[in-house]
Amino acid sequence: MFQFYAPWCAHCKRLLPIWEHLGHAVSDKNLPVRVAKMDCTRFTGACNKLSISGYPTILFFRQGRRIEYNGERTKEALFNFIVKSAAPIVEKVNAARINDVDSRNDPAFVIIGDEKDDMHTEFEAIADSLFSKVELHFCVLPNTLASSTLQLSEGLRKWIMAERWPVMPRASGSNLADIASSGKLTVLVICTEVGLNILALIKARGAAEDLRESEYLWSRFQFAWMDGPDVATSIVMGNMELHLGMLVLNYSTYEYYLNDDEPEKVTRKSIVSWLNNLADGIEKGTASAHGGRSLPVRIRRIFYEVYSNVTQMFATQPLLSSVLFGMPIAFLSIIFESLAVQCSLSFETVRRDGTHQGRLVCA
């Protein structure tokens, strides 16, 4: 597992101690993985060959394949990624170990049947494409049981993609698209110091668990929580504190829906009721959506992103921002001032056919 970095990159500097601890943790567990890093300012040829365009970039190499890591840059998240990626693509377990698989925190898919049947072949192909993102397990039971109860499902991949997330995973800007790939609308719960409190988060978690009781809602919504409002405010181009710290996002269209209930009246039951009404409204075409990808919204989003980025730059690095924005302005001012000094404006009035004509003279 490689980290490609540049010494001047602030994000790389923050990742450095985490990367060192990660290397020790992998070594202590005797995992068959090497943790390394490469300075792209020194080894530019190798980095260019791998098309490294941003820092830090984290790549995992396995059997000639490269997988880019886009998850959280914490020791725990990186270590779990390594453990999953280093494990067998499909883990074979027996009936006695089913309870062990069921007790794990991450979702696990278990197929019961003959290794030579068509479903196992399809299952293994899906596992190969998702092996670093979800745990997949293969359980072999007697053929007499398996062959008589299982048939090849045409929607196996679609079902796994839709069900591969926990009830309420942690979302970030890097994995939001991956969560949305389930095909469901994403219910984003935003946690901030001044926004959603712990009690409200518990209510949202309870509502997410209640969705399992309704096939109608479970097939349409996937809950996720985010630490901080940055991504959400970028989506709504506004302040998430005004909307209970919760929104429903259609990632494919970038349309979103907000709950207008008063914060003190929101309960676990009311969240489920709101989602039920929203699902009905979307089907009937009566739900009021915000955002989208229309030209006016895209133009507004561009201006909002520019404004947000500039504001953040001045807030975090005022001196550097002043230099970056001040130098072009100062340079243009010098140019215009020099032109003003060199050019003197005078008008010579010449009568021709009863008209006056002015002439600009530059010395």
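All of these numbers come straight from a predicted model, not from anything done at the bench. Every chain is numbered on its own, with residues counted from 1 as its sequence reads. Totals for whole chains, interfaces and linings use every residue, but because this is a predicted model, local features are given only for residues with pLDDT of at least 70 and side-chain atom pairs only at 80 or more, for both listing and counting. The side-chain numbers reported here are obtained from all heavy atoms of the structure, hydrogens and water having been left aside.

Structural notes on the layout of surface pockets
So, step 1. Cavity means a closed set of points on a 1 Å grid over the protein atoms alone, one where a 1.4 Å probe fits but cannot get out, pocket means an open set with protein on both sides within 12 Å along at least 5 of 7 lines, and lining means a residue has an atom within 4 Å of a point. Grid points are joined across faces, edges and corners, and a volume is the space filled by probe spheres set on the points. By volume, the second largest pocket is sized at about 740 Å³.
So, step 2. Looking at the second largest pocket, it is lined by 25 residues, and the ones nearest its centre are Gly-71, Glu-72, Ser-172, Gly-173 and Ser-174.
So, step 3. In this description a helix means any DSSP run of H or I spanning at least four residues, a strand means any run of E spanning at least two, and both kinds are numbered starting from the N terminus. When residues of the lining of the second largest pocket are traced back to their parent elements, those giving at least two are helix 1 (10-28), strand 3 (57-62), strand 4 (65-69), strand 8 (170-171), strand 10 (221-227) and helix 11 (230-236).
So, step 4. The leading source of residues in the lining of the second largest pocket is helix 1, at four residues.
So, step 5. Throughout this entry, Asp, Glu, Lys and Arg are counted as charged residues, while Ala, Val, Leu, Ile, Met, Phe, Trp, Tyr, Cys and Pro are counted as nonpolar. The remaining residues, Gly among them, count as polar. Partitioned by chemical class, the residues of the lining of the second largest pocket number nine nonpolar, nine polar and seven charged.
So, step 6. Structurally, the lining of the second largest pocket is a two-domain feature, drawing no fewer than three residues from each of domain 1 (1-86) and domain 3 (170-293). The start and end points of each domain follow an automatic or database-based domain assignment.

As for the state of the cysteines
So, step 1. Here, the term disulfide refers to a pair of cysteine sulfur atoms separated by no more than 2.5 Å. By the definition in use, this model includes one disulfide.
So, step 2. Here Cys-40 engages in a disulfide with Cys-47; their sulfurs sit 2.2 Å apart. Across the S-S bond of Cys-40 and Cys-47 the torsion is about -85°, and the bridge reads as left-handed. For the pair formed by Cys-40 and Cys-47, the shared burial category is buried.
So, step 3. Lacking any disulfide linkage, Cys-9 is separated from the closest cysteine sulfur, that of Cys-12, by 3.0 Å.
So, step 4. Using a relative accessible area of 4% as the deciding quantity, one classes Cys-12 as buried. A 1.4 Å probe rolled over the protein chains alone gives each residue an accessible area, and that area as a share of the maximum for its type sets the label: buried under 20%, exposed over 50%, partly exposed in between.

A few points about the pairing of strand 1 (residues 2-5)
So, step 1. One ladder, built from four bridges, connects strand 1 with strand 2 (residues 36-39); its direction is parallel. Bridging across to strand 2, Tyr-5 finds its partner in Asp-39.
So, step 2. By convention a crossover is right-handed if, when the strands point away from the viewer, the path from the first strand over the helix to the second runs clockwise. Tracing the backbone out of strand 1, into helix 1 and back to the parallel element strand 2 gives a crossover that is right-handed.
So, step 3. Two strands qualify as a pair provided that DSSP identifies no fewer than 2 bridges between them. Both strand 1 and strand 3 contribute to a ladder of three bridges, which runs antiparallel. The residue of strand 3 that forms the bridge with Gln-3 is Ile-58.

Observations concerning the nonpolar core
So, step 1. Counting residues in hydrophobic clusters, the biggest one holds 23 residues, and the most contacted among them are Leu-211, Phe-221, Phe-223, Val-248 and Leu-275.
So, step 2. Broken down by secondary-structure element, the contributors of at least two residues to this core are strand 9 (185-191), helix 9 (198-210), helix 10 (215-218), strand 10, strand 11 (246-250) and helix 12 (268-284).
So, step 3. Throughout, a residue-residue contact means that at least one pair of heavy atoms, one from each residue, lies within 4.5 Å. When residues no more than four places from it in sequence are discounted, the contact partners of Leu-211 are Leu-217, Trp-218, Phe-221, Phe-223, Val-272 and Leu-275.
So, step 4. The term nonpolar core refers to a set of buried residues drawn from Ala, Val, Leu, Ile, Met, Phe, Trp, Tyr and Cys, joined through side-chain atoms within 4.5 Å. Formed by 16 residues, the second largest nonpolar core is a distinct cluster that contains Leu-188, Ile-190, Ala-232 and Tyr-256.

Describing the environment of Lys-269
So, step 1. Structurally, the position occupied by Lys-269 is in helix 12.
So, step 2. Placed 66 residues apart in sequence, Lys-269 and Lys-203 show a C-alpha to C-alpha distance of 8.5 Å.

So, helix 3 (residues 75-86)
Because the α-helix completes a turn every 3.6 residues, residues three or four places apart line up on one side.
So, step 1. In this analysis, the expected span of each helix is defined as 1.5 Å times one less than the number of residues it contains. Taking 1.5 Å as the rise per residue, helix 3 with 12 residues should run 16 Å; its terminal C-alpha atoms sit 16 Å apart, in good agreement.
So, step 2. Among the residues making up helix 3, those that are buried are Leu-78, Phe-79, Phe-81, Ile-82 and Ser-85. Looking down the long axis of helix 3, one finds its buried residues gathered within 155° of arc, a one-sided arrangement.
So, step 3. Taken together, the buried residues of helix 3 touch helix 1, strand 3 and strand 4. For this quantity, the arc is that covered by the directions from the helix axis to the C-beta atoms.

Quick notes on the pattern of salt bridges
So, step 1. Any Lys or Arg side-chain nitrogen found within 4 Å of a carboxyl oxygen on Asp or Glu counts as a salt bridge. Under the definition given, this model contains eight salt bridges.
So, step 2. Here Arg-170 ties to Glu-72 by a salt bridge, and the two come within 3.3 Å at their closest N and O atoms. Linking Arg-170 in strand 8 with Glu-72 in the loop between strand 4 and helix 3, this pair joins segments that are 98 residues apart in sequence.
So, step 3. Residue classification places Arg-170 among the partly exposed residues on the basis of a relative accessible area of 33%.
So, step 4. Note on Glu-72: relative accessible area 26%, which makes it partly exposed.
So, step 5. In this structure, the salt-bridge partner of Glu-163 is Lys-184, at a minimum N-O distance of 3.8 Å.

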